[in-house]
Amino acid sequence: MPPPLVQEFSHNMPSEAEIASGTPDAALIARCAEGDRAAFRALYAAWSARLHGVALRITRDSGLAADATHDAFVQVWQQAAKFDAAKGEAGAWLTALARYRALDLVRRRGREVLGHEAAEEPDQGPDPLKQLMAAADGGALHRCLERLSAERRRLVVMAFVEGLSHSQLSARLNMPIGTVKSWIRRSLLGLKECLAP
Amino acid sequence: MSGIMDPEDPAPEMTLAAEYVLGTLDLAEMEAAGRRMEADPGFAAEVAAWENRFYPLASLAPAVAPPATLWARIEDSTGGATADRAAATPVERRPANDNRLLWWRATALAGLAIAAGLAAFIALRPPPQPVMAVLTPYGTPTPVLVAVAGPNGTILVRPTAAIKIASDRDLELWALAAGATRPAPLGVIPAQGTLVPPGVAAGTLLLVSLEPKGGSPTGQPTGPVLYAGKFKLFD
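Predicted model, so just to flag it, every value in this text is computed and none were measured. Starting from 1, residues in each chain are numbered consecutively following that chain's sequence as written. The naming scheme follows written order: chains are lettered A onward, ligands numbered 1 onward. In view of the model being predicted, local features appear only for residues whose pLDDT reaches at least 70, and side-chain atom pairs are presented and counted only at 80 or more, with totals across whole chains, interfaces and linings using the full set of residues. Excluding hydrogens and water, the side-chain figures rest on all heavy atoms present in the structure.

Chemist: How would you summarise the overall build of chain B if you had to cite specific residues and measurements?
Modeler: Helix and strand assignments come from DSSP, with helices taken as H or I runs of at least 4 residues and strands as E runs of at least 2, each series counted from the N terminus. In terms of helices and strands, chain B carries six helices and 10 strands. Here chain B holds 235 residues, and the buried ones make up 48% of them. Residue pairs in contact within chain B that sit at least 24 positions apart in sequence constitute 54% of those at least 6 positions apart. Think of it in three bands: with a 1.4 Å probe and only protein chains considered, a residue is buried below 20% of the maximum accessible area for its type, exposed above 50%, and partly exposed in between. When checking whether two residues touch, look at their non-hydrogen atoms; a contact exists if any pair is within 4.5 Å.

What follows is the structure, encoded as structure tokens:
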């Protein structure tokens, strides 16, 4: 490999416009709706690891996570026409498909009884909320999560990332289920108000 | 289900949509909410709004490449295997009994000995899995990456040994098509390797750059290119 080429990549930072045009996920989904297999392959290449990672965190089972990722991409292909770029980000839509499938599969498997299993796993990384600050659109959510008490914030983040039900959260955190539900509901109302445009 | 008359819950519809997205509902509640989305556009819009609000949290789950066989399963489930093969690269159009031999060359950027970078591998009668050897400089076990096309055009990319990088970094794979000026991202390479769906043509330059955890935030390489090699037929 000629070294000049390598240098070029390591030093040329793309412009804002290039970044914007470089991630046409919504366009790829629109092309899937028209039956474009190449677009579907490109979408898989770009998103399979992220969606599988999300599903794996929820299912904690590589087989179930692969099933959820499979189902999500089949839905992408079949329901691409339902995606409306005006209503939200492509990534949010794709992630939601994978999460619903993962949640459905893991609930069917009856993980309710295994709710304690993950409690011993150490937290990954220094502070997950700091990562959010770095994420492009995570700043606003982070700011609003910061307004919640640490305990409520933990509850919301844990629920979303690990896909824990009210009863699992209750068992995991050793809190009455009524308290879990009430804390989450108040947190959701607060987040909605804080995130309102 | 959310208590309709719950004084603590002034907006049960909003709460149900949010809890559906958050993932705290049990199976029966999830299914009921899913059915309601089909029938009630207002509820579906509330759900979509929460999907977008919470989306940044998804980045807290590290990306993990799915099993190498998953793309083939998805192809089967979407009836697309035939279509995908028709659009295949020249690599895939070769007769099945051709030896699919690929040159692969790895160079490490500035400072790593070029001599350490030549890896030749030999694939014998590919289907179902190629048997191959990666020959690296004797006595210097520098890990290199191997990229090999499977029978259906998917490309297996895996390191020959653990590649040591900082814990807050990932290796990301890129494809620079012949004549292109900007590489296309192919995802982060987990320690055990990754599988790239069909679509990378022979003559494409594969690059591996060092990126922040989770991959380049810009869609283009931001860190140094550590490995590179042209994906091509071995004649």
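Once you've had a look at it, read on.
Chemist: Give a detailed account of the overall build of chain A, specifying residues and quantitative values.
Modeler: Secondary structure assignment for chain A yields 11 helices and zero strands. Reading the helices (α) and strands (β) of chain A from amino to carboxyl end gives α-α-α-α-α-α-α-α-α-α-α. Counting every position in chain A, which comprises 197 residues, the buried fraction comes to 50%. A separation threshold of at least 6 residues defines the contact pool for chain A, and within that pool the share at least 24 residues apart is 61%. Throughout, the Shrake-Rupley method with a 1.4 Å probe supplies accessible areas, and for residues the shown protein chains are the sole cover considered. On chain A, roughly 9,300 Å² of surface is accessible, and the fraction owed to carbon and sulfur atoms is 53%.

Chemist: With reference to specific residues and values, describe the interface of chain A and chain B.
Modeler: On the chain B side, the residues contacting the 72 residues of chain A number 75 residues. Taken together, the two surfaces of chain A and chain B that pack against each other cover about 6,500 Å², and 66% of this comes from carbon and sulfur. The salt bridge definition used is simple: a Lys or Arg side-chain nitrogen within 4 Å of an Asp or Glu carboxyl oxygen. Taking the shortest distance from any N to any O, the salt bridge between Lys192 of chain A and Glu46 of chain B comes out at 3.2 Å. Counting of polar contacts relies on pairs of N or O atoms within 3.5 Å, with two restrictions inside protein: one atom must be capable of donating a hydrogen and the other of accepting it, and residues adjacent in sequence are counted only when both atoms are side-chain atoms. Summed over the shared surface of chain A and chain B, the result is 18 residue pairs in polar contact (both at pLDDT 80 or more). With 14 residues, the single largest contributor to the side of chain A that touches chain B is helix 4 (residues 37-59) of chain A. Accessible-area loss on putting two parts together, using a 1.4 Å probe and summing over both, is the definition of buried area adopted here.

Chemist: For the sheet that holds strand 8 (residues 194-196) of chain B, give the residues involved together with the corresponding values.
Modeler: Residue and element names in this part refer to chain B. A pair of strands is treated as paired once DSSP finds two or more bridges between them. The strand order across the open sheet built from three strands is 4-5-8, with neighbouring strands paired in antiparallel fashion. At either margin of the open sheet sits one strand with a lone partner, and together these are strand 4 (145-149) and strand 8. Neighbour-to-neighbour, the strand axes of this sheet turn through a mean angle of 20°, independent of strand direction. Sheet analysis places strand 4 next to strand 5 (residues 155-159), joined by five bridges and oriented antiparallel. Residue Val148 lies in a different strand from strand 5, and its bridge partner there is Leu156. Lines fitted to C-alpha atoms define the axes, with helix axes restricted to the stretch in contact, and inter-axis angles between N-to-C directions lie between 0 and 180 degrees.

Chemist: Give me the lowdown on the packing of helix 11 (residues 177-195) of chain A against helix 1 (residues 12-22) of chain B, citing residues and values where you can.
Modeler: Between helix 11 of chain A and helix 1 of chain B, the least distance of the axes is 10 Å, while the angle of their chain directions is 100°. The angle between helix 11 of chain A and helix 1 of chain B falls in the class roughly perpendicular. Of the residues in helix 1 of chain B, those in contact with Ile184, Arg185, Leu188, Leu189 and Lys192 of chain A of helix 11 of chain A are Met14, Thr15, Ala18, Glu19 and Leu22 of chain B. Relative orientations are named as follows: roughly parallel for angles under 35 degrees, roughly antiparallel for angles over 145 degrees, roughly perpendicular for angles from 65 to 115 degrees, and oblique for any other angle.

Chemist: Outline the state of the cysteines, listing residues and values.
Modeler: Residue and element names in this part refer to chain A. The disulfide definition used here is simple: a pair of cysteine sulfur atoms within 2.5 Å. Taken as a whole and judged by the stated rule, the model has one disulfide over all chains. Covalent S-S linkage joins Cys144 and Cys194, the inter-sulfur distance amounting to 1.9 Å. On the sign convention where negative is left-handed, the bridge of Cys144 and Cys194, at about -80° about the S-S bond, is left-handed. You can see Cys144 sitting in helix 8 (residues 138-146) and its partner Cys194 sitting in helix 11, a full 50 residues away along the chain.

Chemist: An account of unusual backbone geometry is requested, with residue identities and associated values reported.
Modeler: Residue and element names in this part refer to chain A. One non-glycine residue, Arg60, lies in positive phi territory at about 50°. Relative to the helices and strands, Arg60 resides in the loop between helix 4 and helix 5 (62-79). Owing to a relative accessible area of 24%, Arg60 belongs among the partly exposed residues under this scheme. At Asn174, a residue that is not glycine, the phi angle is positive and equals roughly 55°. As for its placement among the helices and strands, Asn174 is situated in the loop between helix 10 (166-173) and helix 11.

Chemist: Which residues make up the pairing of strand 6 (residues 169-176) of chain B, and what values go with them?
Modeler: Residues and elements named next belong to chain B. Across the eight residues that make up strand 6, a large majority, seven, are buried. Pairing of strand 6 with strand 7 (residues 184-188) involves four bridges; the strand directions are antiparallel. In the sheet register, Leu173 faces strand 7, and the bridge partner there is Gly187.

Chemist: Any chance you could break down helix 3 (residues 41-54) of chain B for me, citing the residues and the numbers?
Modeler: All names here are of chain B. To estimate how far a helix should extend, the number of its residues minus one is multiplied by 1.5 Å. An ideal rise of 1.5 Å per residue puts 20 Å on 14 residues; helix 3 measures up with 20 Å between its terminal C-alpha atoms. Turning to helix 3, its buried residues are Phe43, Glu46, Val47, Ala48, Trp50, Glu51, Arg53 and Phe54. Capping the start of helix 3 is the job of one residue whose side-chain oxygen sits 3.0 Å from the backbone nitrogen of Gly42: Asp40.

Chemist: If you had to explain the pattern of salt bridges to someone new, which residues and values would you point to?
Modeler: Residues and elements named next belong to chain A. A complete count under the given rule lists 18 salt bridges over all chains for this structure. Between Asp104 and Arg108 there is a salt bridge; the shortest N-O distance is 2.7 Å. Linking Asp104 with Arg108, this pair stays in helix 6 (residues 90-108), spanning four residues, or about one helical turn. The partner of Arg172 in a salt bridge is Glu162, and the shortest N-O contact between them spans 3.2 Å. Of this pair, Arg172 sits in helix 10 while Glu162 sits in helix 9 (residues 150-162), and the two are 10 residues apart along the sequence. Accessibility expressed as a relative area gives 10% for Glu162, which makes it buried.

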